[in-house]
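Reading the structure
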Amino acid sequence: MSREIDYGNLMHDAMRGLIRKVLLDVADRGLPGNHHFFITFDTAHPDAELADWLSDRYPGEMTVVMQHWYDGLEVTEEGFSVTLNFGDAPEPLYIPYDAIRTFVDPSVEFGLRFEQQEGEDGEGEVKALTGPDVAEDSSQEDAPAAKDAEIVSLDSFRK
C-alpha cells in the first residue's frame, strides 16, 4: 500500500489559513493604509450565502471589493461573513474559504489564485500572485475609487 503526501491540499489549507489570519486582523483593527481586497468566489458553492438577486446575476462567480465601506466582518474557521454595499443596498454575504477562487490585495501587489481545473487526483492548484502578476490580474489601474463595494469584471483577473 503506497502512501503519498497530499501537497496540493496542504497548500490550499495553508493559503486559506493566510486569508483567515488577514481577515481576522482586519476584523479586529480595520484595513490599514491603502490595503483593500478583490475577492472572487464561487456563488454556486453550497455553503455560500448571498441574496438571490446577486446569485441570479452572477450564477458562477462574483468578485467583491472590500475597501472603503464594509460592515459586520465576522471570521470563522470555515469562512467569513460581511455586509457590503451594492448601489446603496447593504447585502450580507457569507463566503466559505473553499469557495474563494482569487484573493488579491493590489496595494501591495499580493494575490492568490486557487485554480479550479482538477487533475487526475481531483485537486486544484494554488498559485501565489506577486509583483507584475498581480498588476496583470488585479487591473488596479482600471478599478475606480469608490466608497461602495464594487463588482469587478472577471476579465480583469484573466491573463
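Below or above, wherever it landed, is the structure these notes cover. Remember, it's a predicted structure, so these values are computed and weren't measured experimentally.

**Observations regarding the environment of Phe103**
- By the element assignment, Phe103 lies in strand E6 (residues 100-105).
- Residues Phe103 and Arg16, 87 residues apart in the sequence, show an inter-C-alpha distance of 9.6 Å.
- Once residues lying within four places of it in the same chain are set aside, the contact partners of Phe103 are Ile19, Val22, Phe37, Phe38, Ile39, Phe110, Gly111 and Leu112.

**A word on the pattern of salt bridges**
- One pass over the structure, following the stated rule, counts four salt bridges.
- The partner of Arg29 in a salt bridge is Asp25, and the shortest N-O contact between them spans 2.7 Å. Taken together, the residues span about one helical turn, with Arg29 and Asp25 both in helix H1 (residues 7-29) at a distance of four residues.
- A relative accessible area of 28% places Asp25 in the partly exposed class.
- We note a salt bridge from Arg101 to Glu61, for which the minimum N-O separation is 2.4 Å. Residue Arg101 is located in strand E6, and its partner Glu61 is located in strand E2 (residues 61-66); the two are separated by 40 residues in the primary sequence.

**A look at H1**
- For H1, with 23 residues, the first-to-last C-alpha span of 33 Å sits near the 33 Å given by 1.5 Å per residue.
- Those residues of H1 lying buried are His12, Met15, Arg16, Ile19, Leu23 and Val26.

**Looking at the packing of aromatic side chains**
- Under the definition given, this model contains three aromatic pairs.
- Geometrically, the ring pair formed by Trp53 and Phe86 is edge-to-face, given 6.2 Å between the ring centres and 90° between the ring planes. Taken together, the positions of Trp53 in helix H2 (residues 52-57) and Phe86 in the loop between strand E4 (79-85) and strand E5 (90-96) put the pair 33 residues apart, joining distant regions of the chain.
- With a relative accessible area of 9%, Phe86 lands in the buried category.
- On the numbers, 6.5 Å between centres and 35° between planes, the contact of Phe80 with Tyr97 is tilted. Separated by 17 residues along the polypeptide, Phe80 in strand E4 and Tyr97 in the loop between E5 and E6 bring together distant segments of the chain. Side by side, Phe80 and Tyr97 carry an identical accessibility label, which is buried.
- The ring centre of Phe114 lies 4.2 Å from the NZ or CZ of Arg16, which sits over that ring.

Reading the values: rules and limits
Residues numbered from 1 in each chain as written. Predicted model: local features only at pLDDT ≥ 70, side-chain atom pairs only at ≥ 80, totals over all residues. Heavy atoms only, no water. Helix = DSSP H or I, 4+ residues; strand = E, 2+ residues; numbered from the N terminus. Contact = heavy atoms within 4.5 Å. Salt bridge = Lys/Arg side-chain N within 4 Å of Asp/Glu carboxyl O. Buried < 20%, exposed > 50% of the residue type's maximum accessible area, 1.4 Å probe, protein only. Expected span 1.5 Å × (residues − 1). Phe/Tyr/Trp six-rings, centres within 6.5 Å; stacked < 30°, edge-to-face > 60°. Lys NZ or Arg CZ within 6 Å of the ring centre and 35° of its normal.

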